[in-house]
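Inside the fold
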Amino acid sequence: MRGTVLYGPRDIRFEAREMPRIEQPTDAVIRITATCVCGSDLWPYRGLQPIKGPQPMGHEYCGVVEEIGSAVKSVKPGQFVIGSFATSDNTCPNCLYGYQSSCVQREFMSRAQAPILRVPLAEGTLVPTPGMPSDDLVPSLLATSDVLGTGWFAADAANVKPGSTVVVVGDGAVGLLGVLSAKQMGAERIIAMSRHEKRQKLAREFGATDIVIERGDEGVTRIMDMTNGVGADSVLECVGTQESMMQAIQSTRRGGYVSYVGVPHGVEFKGEKLFYTHVHLHGGPAPVRRYLPKLIDLVLNHTINPGKVFDLTLPLEQVAEGYRAMDERRAIKALLRP
Ligand SMILES: [Zn+2]
Ligand SMILES: [Zn+2]
């Protein structure tokens with residue numbers, strides 16, 4: 001089998017790897033129907049997150065179960081399944097509180113940009129669809145595996161409610177699906193911060209009512225102007241930089257909520273400064289597993305079409321071009337078909 005391996009900055013190779021097989025009774029092996037490149041893959045790809053030697057890549061996946069370990073009862077060979085980027089037993093206290101991405105047995109997936117994938121803790125990690133979905137639904141089902149699940153968590157963690165005024169910082173796939181999620185949760189006003197025309201258009205399609213192109217302090221000033229100097233009820237931070245985090249906190253009203261789902265890189269703030277903002281902070285790796293059954297339903301009954309974030313589809317062996325296109329912002333998100 002060949003799979004995707006990152007060797008160093010901008011050095012992605014599709015090369016021979018060992019065929020995954022059942023190693024533990026709790027494993028499943030699935031044949032990937034579709035996988036994709038994640039915005040978070042770009043951190044190590046750009047050399048901004050060190051790697052210790054060649055690293056197999058990919059953590060967003062859906063496909064058909066080939067084989068299961070003896071302890072797996074909830075999924076069967078032949079079923080179409082979707083899983084999160086973090087494995088979970090779905091039984092430990094963290095899982096029962098709805099934070100499956102902090103499961104005590106968690107492993108982060110990192111080999112999904114390949115035709116065959118071993119999924120540990122299959123029973124608690126994988127969610128099967130009721131039947132074999134039609135091929136046109138595959139991109140949207142794949143999106144539930146991370147980007148939509150993460151965008152949904154961003155909106156949920158920022159306490160988006162019917163009538164809320166929401167700001168979304170970040171116009172990557174997660175930010176755009178944060179817009180879609182806020183719309184589903186009944187937000188009245190959704191302000192997307194983007195200076196990229198194609199992304200602005202998709203944000204509007206997903207439910208954004210306003211677009212702000214300014215960033216940093218200028219962006220904050222614009223949000224304050226638009227909210228009568230009060231700030232937004234809910235701000236979704238979907239980038240992970242110091243600038244985007246400060247922009248998010250300063251755009252929030254007193255007592256409002258900031259969620260942060262972009263993996264922080266060099267983000268720091270002073271306790272005193274935070275103290276006087278009066279904001280709620282809630283973020284982290286999204287517990288996608290909590291939302292999967294609901295999100296899969298919304299896709300299967302055609303309520304939402306999150307697969308629109310995939311504006312590039314490539315055969316899996318051209319994965320390196322998928323990384324390049326996203327790195328150069330030529331593509332929002334690249335879908336890969338084995
Ligand atoms: Zn991802
Ligand atoms: Zn658990």
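Residues numbered from 1 in each chain as written. Chains lettered and ligands numbered in written order. Predicted model: local features only at pLDDT ≥ 70, side-chain atom pairs only at ≥ 80, totals over all residues.

As for the overall build of the protein
Counting its secondary structure elements, the protein contains 12 helices and 16 strands. Here the C-alpha radius of gyration of the protein, 19 Å, is about what a compact globule of 338 residues would show, namely 20 Å. By principal-axis analysis of the C-alpha atoms, the protein measures approximately 60 × 40 × 40 Å. Partitioning the contacts of the protein with sequence separation of at least 6, the portion at a separation of at least 24 is 68%. (Helix = DSSP H or I, 4+ residues; strand = E, 2+ residues; numbered from the N terminus. Rg over C-alpha atoms; globule rule 2.2 N^0.38 Å. Contact = placed C-beta atoms within 7 Å.)

So, the environment of proline 287
Its place among the elements puts proline 287 in the loop between β14 (280-283) and α11 (288-300). Judged by C-beta crowding, with 25 C-beta atoms within 10 Å, proline 287 ranks as buried. With 203 residues separating them in the primary sequence, proline 287 and serine 84 have C-alpha atoms 8.2 Å apart. With near-sequence residues (within four places) excluded, proline 287 lies in contact with Gly98, Tyr99, Gln100, Ser101 and Phe153. (Buried ≥ 20, exposed ≤ 12 C-beta atoms within 10 Å, placed from the backbone.)

Topic: the nonpolar core
The biggest cluster of nonpolar side chains holds 102 residues, and the ones touching the most others in it are Ala28, Val166, Val168, Leu177 and Val179. There are two domains that each give this core at least three residues, and those are domain 1 (2-146 + 287-337) and domain 2 (148-283). In contact with valine 179, other than residues within four places in its own chain, are Val168, Ile190, Ala192, Ala203, Phe206, Gly207 and Ala208. (Core = buried A, V, L, I, M, F, W, Y, C linked by C-beta atoms within 7 Å. Domains from an automatic or database assignment.)

Quick word on the sheet that holds strand β13 (residues 252-260)
Here six strands make up an open sheet; going across it, the order is β11-β10-β9-β12-β13-β14 and the pairing parallel. Among the strands making up the open sheet, the edge pair consists of β11 (210-212) and β14. Between one strand and the next, the sheet's axes are offset by a mean angle of 20°, whatever the strand orientation. Bridge count for strand β12 (residues 232-237) against β13 is five bridges, and the pairing is parallel. In the strand pairing of β13, glutamate 237 is matched with tyrosine 260. (Pairing = 2+ DSSP bridges. Axes fitted to C-alpha atoms, helices over the stretch in contact; angles between N-to-C directions.)

Let's talk about the packing of helix α5 (residues 147-157) against α11
In contact at an axis separation of 9 Å, α5 and α11 are set at 105° when each is read in the N-to-C sense. By the angle between their directions, the pair α5 and α11 is classed as roughly perpendicular. Within the contact between the two elements, α5 uses Leu148, Gly149, Thr150, Trp152 and Phe153 and α11 uses Val288, Tyr291, Leu292 and Leu295. When grouped by side-chain class, the residues that make up the contact of α5 with α11 number seven nonpolar, two polar and no charged. (Parallel < 35°, antiparallel > 145°, perpendicular 65-115°, else oblique. Nonpolar A, V, L, I, M, F, W, Y, C, P; charged D, E, K, R; others polar.)

Structural notes on the domain arrangement of the protein
The domains assigned to the protein are domain 1 (2-146 + 287-337) and domain 2 (148-283). Just the C-alpha atoms count here: the centres of domain 1 and domain 2 sit 26 Å apart. Contacts between the two partners involve 20 residues from domain 1, matched on the other side by 16 residues from domain 2. Residue assignment for the side of domain 1 that touches domain 2 shows that the elements contributing at least two residues are α4 (138-144) and α11. Looking at the side of domain 1 that touches domain 2 element by element, the count peaks at four residues for α11. For the side of domain 1 that touches domain 2, the per-class residue count stands at 12 nonpolar, five polar and three charged.

As for the sheet that holds strand β4 (residues 55-56)
Spatial strand order, β2-β1-β4: three strands in an open sheet with antiparallel pairing. With one partner strand each, in any of the chains shown, β2 (11-16) and β4 form the two edges of the open sheet. Where strand β1 (residues 2-8) and β2 come together, six bridges link them in antiparallel fashion. Looking across to β2, one finds that glycine 3 is bridged to glutamate 15. Along the sheet face, helix α12 (residues 319-327) touches β1 and β2 and points at about 160° away from the line of β2.

Here we look at the environment of alanine 16
The topology assignment puts alanine 16 in strand β2. Here alanine 16 falls in the exposed class, since 10 other C-beta atoms lie within 10 Å of it. For the pair formed by alanine 16 and glycine 322, sequence separation is 306 residues and the distance between their alpha carbons is 19 Å.

Points about the pairing of strand β5 (residues 61-68)
The pairing of strand β3 (residues 28-36) with β5 spans seven bridges and is antiparallel. Bridge pairing in β5 places isoleucine 30 opposite valine 65. For β5 and strand β6 (residues 80-83), the ladder comprises four bridges, and the chain directions are antiparallel. Along β6, the bridge assignment pairs tyrosine 61 with glycine 83.

Describing helix α6 (residues 173-184)
Two residues of an α-helix separated by three or four positions point the same way, owing to the 3.6 residues in each turn. Over its 12 residues, α6 runs 16 Å from end to end, which matches the ideal 16 Å to within 8%, given 1.5 Å per residue. When α6 is considered as a whole, its buried residues turn out to be Ala173, Val174, Gly175, Leu176, Leu177, Gly178, Val179, Leu180, Ser181 and Ala182. Directly after α6, the chain includes glycine 186, whose backbone phi takes a positive value near 95°. (Expected span 1.5 Å × (residues − 1).)

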